[in-house]
Amino acid sequence: MWTIWVIIFWISAVLIRAVPPVCDLLSVLKKEEENCAETLSLEAKNRTPENDLLLSSGRCAGMWDNMSCWPSSAVGQTVNAHCPEFFQMLTGKKGFVYRNCTSEGWSDPYPRPDIACGYNVNDTTNEARHSYFMTLKTMYTIGYCTSLVTLTIALVVLVSFRRLRCTRNYIHMHLFTSFILRALSNFIKDAILFSSEDTNYCGSYTAGCKLTMVFFQYCIMSNYSWLLVEGLYLHTLLVISFFSERKFLWRFIALGWGAPAVFVAAWATARQLHENIGCWDINTDANTWWIIRGPVVLSIFVNFILFVNILRILMKKLSSPEGRSSDFNQYKRLAKSTLLLIPLFGVHYIIFAFFPEDASSGTMEIQLFFELALGSFQGFVVAVLYCFLNGEVQLEVQRKWRQWHLSKHLRQHLSTSASNGGSGLTQEMQMVRSSPPEHRRATLQRSSVL
């Protein structure tokens, strides 16, 4: 009965984390059961005649009660056991559960394990947390879906128009791709980790579960890497007058996609060797987790410094007579977009990176709201700023639309002329011959569009 309540609490407490709840719970329980079996086996081997004489008045055999381990005891003794490990991980509290060894065997545990370990099944707070997590999951699902659709459209637009192919837009395309991969990895993670409550799959799908988390972490890191590349490129444009954009582009690609692969590979190796627990979702070893968290925090910190320096350079250019006369509007738009990008590029991550991951504190709920609910819309905002509100993109789309509309109109006109036996086309050619040179050239230009 208590195991069922623990499973329900585990699912509600970490629903939106990258966790397969039942599998991790069973993994921890299985590990504790194995430790208990080893302890009881050692106890049986070390039993002496003197101990058996002391227990001649009666004894309670050692046992595993699916939550705690109870060693053999004499009648009349009171034995205590620490709260199960999974309870401590959930609530962050330590406590003891007691049993009396009587002539009829072990008594029921007291106080109740849930209360002794800091969790009351009758407490409505956990229901409220479960409702909050479900709402948060709905929000980030909507956010990632919105970002995925808008980013895909923006990527197609930038790829389709040849005039938009330049180093700046190539970097934007890679950034869009990183956001798309981040959204897809989140959906894949949820589909694999929360697709079934059948505990039979826990052992057979462990490798796939871990690979999913590796892919998920890589997508997160590559996204932050390309955000750093955006800041580096913008800073380079303002600081260096002339540079080889093609050479820099290949370096940026190596930084954006290559560097995350190195750190994620190191993290996966460390998890396999030192912290091979569950689905690699519970970060009990801070040193291992900082293999990923450290580079992300560093990239955001560097980006923040770059953007502050960019704003300083832009303000200096705007205040100078030269900037006011020539590229005032361009610098002004750049300054506005930079101010928007500073909070967008994950400055909040630095703030929460140094907070402990305590599920019982309200800090985690606030952190998850920023990282998931608001962070899921990052891709949407980036697509709007870098594509849909981009004047260059808007002009190219309008030009293509006018060209397509004119081509469609001329095709309809020629189709109508052909159905009339070509008389319309003959009349137009006669008009061209008899018309002034200016009108003749305009008519021929319209025909040349075909």
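Residues numbered from 1 in each chain as written. Predicted model: local features only at pLDDT ≥ 70, side-chain atom pairs only at ≥ 80, totals over all residues. Heavy atoms only, no water.

Novice: How do you make sense of the state of the cysteines when you look at a structure like this?
Specialist: In a disulfide, the sulfur atoms of two cysteines are covalently bonded to one another. Summed over the entire model, instances satisfying the criterion amount to three disulfides. Bridging C36 to C69, the disulfide has an S-S length of 2.1 Å. What sets the handedness of the C36 and C69 disulfide is the S-S torsion sign, and at about 75° it is right-handed. With C36 in helix α2 (residues 21-45) and C69 in strand β3 (residues 69-70), the pair connects residues that are 33 residues apart, well separated along the chain. Overall, C36 belongs to the buried group, its relative accessible area being 2%. Residue C60 pairs covalently with C101 via a disulfide, S to S 2.1 Å. (Disulfide = S-S within 2.5 Å. Helix = DSSP H or I, 4+ residues; strand = E, 2+ residues; numbered from the N terminus. Buried < 20%, exposed > 50% of the residue type's maximum accessible area, 1.4 Å probe, protein only.)

Novice: Any chance you could explain the nonpolar core here in plain terms?
Specialist: Counting 50 residues, the largest nonpolar core has I171, L175 and F176 as the members making the most contacts within it. Of all elements in the fold, only α6 (125-160), α7 (167-193), α9 (206-239), α10 (245-274), α11 (286-319), α15 (362-374) and α16 (378-388) reach the threshold of two or more residues within this core. Considering every element that reaches this core, the biggest residue donor is α9, with 10 residues. Ignoring sequence-local partners within four residues, the contact set of I171 consists of W226, V229, E230, Y233, L249 and F252. Counting eight residues, the second-largest nonpolar core is a separate cluster that includes C60, V97, C101 and W106. (Core = buried A, V, L, I, M, F, W, Y, C linked by side-chain atoms within 4.5 Å. Contact = heavy atoms within 4.5 Å.)

Novice: When you look at a nonpolar patch on the surface in this model, what are you seeing that I'm missing?
Specialist: A cluster of nonpolar side chains, contributed by L184, I188, I192 and F215, occupies part of the molecular surface with about 290 Å² of accessible area. In terms of residues, the nonpolar patch owes the most to one element, α7, which gives three residues. Among the structural elements, I188 can be located in helix α7. (Patch = residues over 30% accessible without salt bridge, like charges linked within 9 Å, V, L, I, M, F, W, Y side chains within 5 Å. Areas by Shrake-Rupley, 256 points an atom, 1.4 Å probe, with all protein chains shown as cover. Salt bridge = Lys/Arg side-chain N within 4 Å of Asp/Glu carboxyl O.)

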